[in-house]
Amino acid sequence: MRKIHLFNPGSETAVLFNKAHYTPPANVAQMRRDLACLPLAYADPNDYVLGASDADLAFAATLPDQQESFAKVVTALPENESAEAEPWGISPDSPDLFRHLLAPKDAARLTMPVWKPEFRQLISRETAAECLRLLNLPSKPLLPRFMQSVPDLIDFIQNSRTTFVLKEPFSSSGRGLLWLNDGVVSAIDRKWIEGAMKRQGQLSIEKALDKQLDFAMEFSSDGEGHVRFLGLSLFDTASKGAYSGNVLASQETLEQRIVALSGREAFETVKKELNRVLEHLIGPVYRGILGVDMMIYRDEKFGCLIHPCLEINLRHTMGTTALALYERHIHPSSEGFFTVSFEKQSGEALRKHQKMLSDFPLLIREGRIQSGYLSLCPATSGTHYRAFLLVK
């Protein structure tokens, strides 16, 4: 059955509130509108992508000559067709999102995603901590500590006098993080902690590491106990951990960059062990795409080591998006970067889009992008978020 894809970032927060009807914050709603076409990057050519406006329909017609390899953007399900609803991330409100965007007669012909109560725990950072605990590895970082009391948490930080990262259990992509240096908790930090604790009920705390490289392993789970490795993704983050973009390169190239730091044996051991633990924790329950964020960090005693499970994303990810982009659309002689950016000022995203169209014209070779700029979503005067790739 064909799928109809919907981009719904921020699904982890919808999971936190556990409601069938959920209204996201304004910035998340803006991202959903601006980047509604993003599933074009990974959807199968015979699938549909649910656009948010007529601008999305018009944008699809501007894709390059190989556009037959892209899915079709729709704002309504074609007459007499049925499809499987495929959100970016599963959440209790997933069916409601499709019903809100489609006419009732169209929504009635969809096979809706089924939310299972077990998913809530799996999507929490507690599952990533449990995965880390279960991994049988020669060396691994200390487990995150989950705390429910603001005074106890602050006392622990101040008494330890080290650099910590606090994380909201239901957050992702570098959001919901607070870095605290040398045990110092400012008034602003305390306000963040109190607000996050009130929303989430607890926070995880872990020692900050000397990061050398961000990467992820991407998987697919069949819901029957089998988890299949899909590939690697290598990404960049800002200084405080927020996602900034993915490298577009061959799997061989990405693996070489990782192994050059970690060593071959450590890499293969982590990959094998992670697959085993995921089949135990997630495989019997969840069907769909998932990604595990990792890093290579420098240890004073042992050199470069792999952190094998920073977070588990039970959803499509920017890593799987980059993986599909490279495999389907990038010429093997080229490399590039896939980016999601934000511009606060109205009109600035459109201005930058137009400049990049002029500065980096698209060059197609053998049906694939050899160089240049390609926007993956329409850019208008009202756009604030962009998703694009730049190939060289």
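Each chain has its residues counted from 1, following the order in which its sequence is written. Residues qualify for local features only when their pLDDT is at least 70, as the model is predicted, and side-chain atom pairs are given and counted only at 80 or more; totals for whole chains, interfaces and linings, by contrast, use all residues. The side-chain numbers reported here are obtained from all heavy atoms of the structure, hydrogens and water having been left aside.

Caption draft 1: Looking closely at the packing of helix H8 (residues 150-160) against helix H9 (residues 187-200). Running from N to C, H8 and H9 cross one another at 140°; their axes reach a closest spacing of 10 Å. Here H9 runs oblique to H8, going by the angle between their axes. Here the hand of the crossing between H8 and H9 comes out right-handed. Counted together, Val150, Leu153 and Ile154 of H8 and Arg190, Ile193, Glu194 and Met197 of H9 form the full contact between these two elements. Three residue categories are used. Nonpolar comprises Ala, Val, Leu, Ile, Met, Phe, Trp, Tyr, Cys and Pro, charged comprises Asp, Glu, Lys and Arg, and polar comprises the others, including Gly. Partitioned by chemical class, the residues of the contact of H8 with H9 number five nonpolar, no polar and two charged. Note on definitions: angles span 0 to 180 degrees between N-to-C directions of axes, and those axes are lines fitted to C-alpha atoms, for helices only across the stretch in contact. Secondary structure elements follow DSSP: runs of H or I of four or more residues count as helices, runs of E of two or more count as strands, with numbering from the N terminus. Each angle is binned into one of four classes, with values under 35 degrees roughly parallel, values over 145 roughly antiparallel, values of 65 to 115 roughly perpendicular, and all other values oblique. Here a crossing is taken to be left-handed if its near helix is turned anticlockwise relative to the far helix by less than a right angle, and right-handed if that turn runs clockwise. Only heavy atoms enter the contact rule, under which two residues are in contact if any of them lie within 4.5 Å.

Caption draft 2: Inspection of the packing of helix H10 (residues 251-262) against helix H11 (residues 264-281) at higher detail. The geometry of H10 relative to H11 is characterised by a closest axis approach of 7 Å and an angle of 115° between their N-to-C directions. As far as their axial angle goes, H11 and H10 are roughly perpendicular. Two secondary-structure elements touch here, H10 through Glu255, Ile258, Val259 and Ser262 and H11 through Arg264, Ala266, Phe267 and Glu268.

Caption draft 3: Local environment of the packing of aromatic side chains. Only centres within 6.5 Å qualify two rings of Phe, Tyr or Trp (six-membered ring in Trp) as a pair; their planes then separate them into stacked at under 30 degrees, edge-to-face at over 60, and tilted for everything else. The final tally for this structure, using the stated rule, is 10 aromatic pairs. With a centroid separation of 5.5 Å and an interplanar angle of 80°, the aromatic rings of Trp115 and Phe119 are classed as edge-to-face. With centroids separated by 5.9 Å and ring planes inclined at 80°, the aromatic side chains of Phe119 and Tyr286 adopt a geometry described as edge-to-face. Pair noted here: Phe119 is in helix H6 (residues 117-123) and Tyr286 is in the loop between H11 and strand E13 (287-299), with a separation of 167 residues, a long-range link.

Caption draft 4: Focus on the pattern of salt bridges. Whenever a carboxyl oxygen of Asp or Glu lies within 4 Å of a side-chain nitrogen of Lys or Arg, that contact is scored as a salt bridge. Within the structure shown, the criterion is met by 20 salt bridges. Salt-bridge contacts for Lys211 lead to Asp214; the nearest nitrogen and oxygen are separated by 2.8 Å. Only protein chains enter the accessibility calculation, which uses a 1.4 Å probe; a residue is then buried when its area is under 20% of its type maximum, exposed when over 50%, and partly exposed in between. On the accessibility criterion, Asp214 (9% relative accessible area) is buried. With a closest N to O distance of 2.8 Å, Arg257 and Glu335 form a salt bridge.

Everything listed here is a matter of geometry and, on its own, says nothing about what the molecule does.
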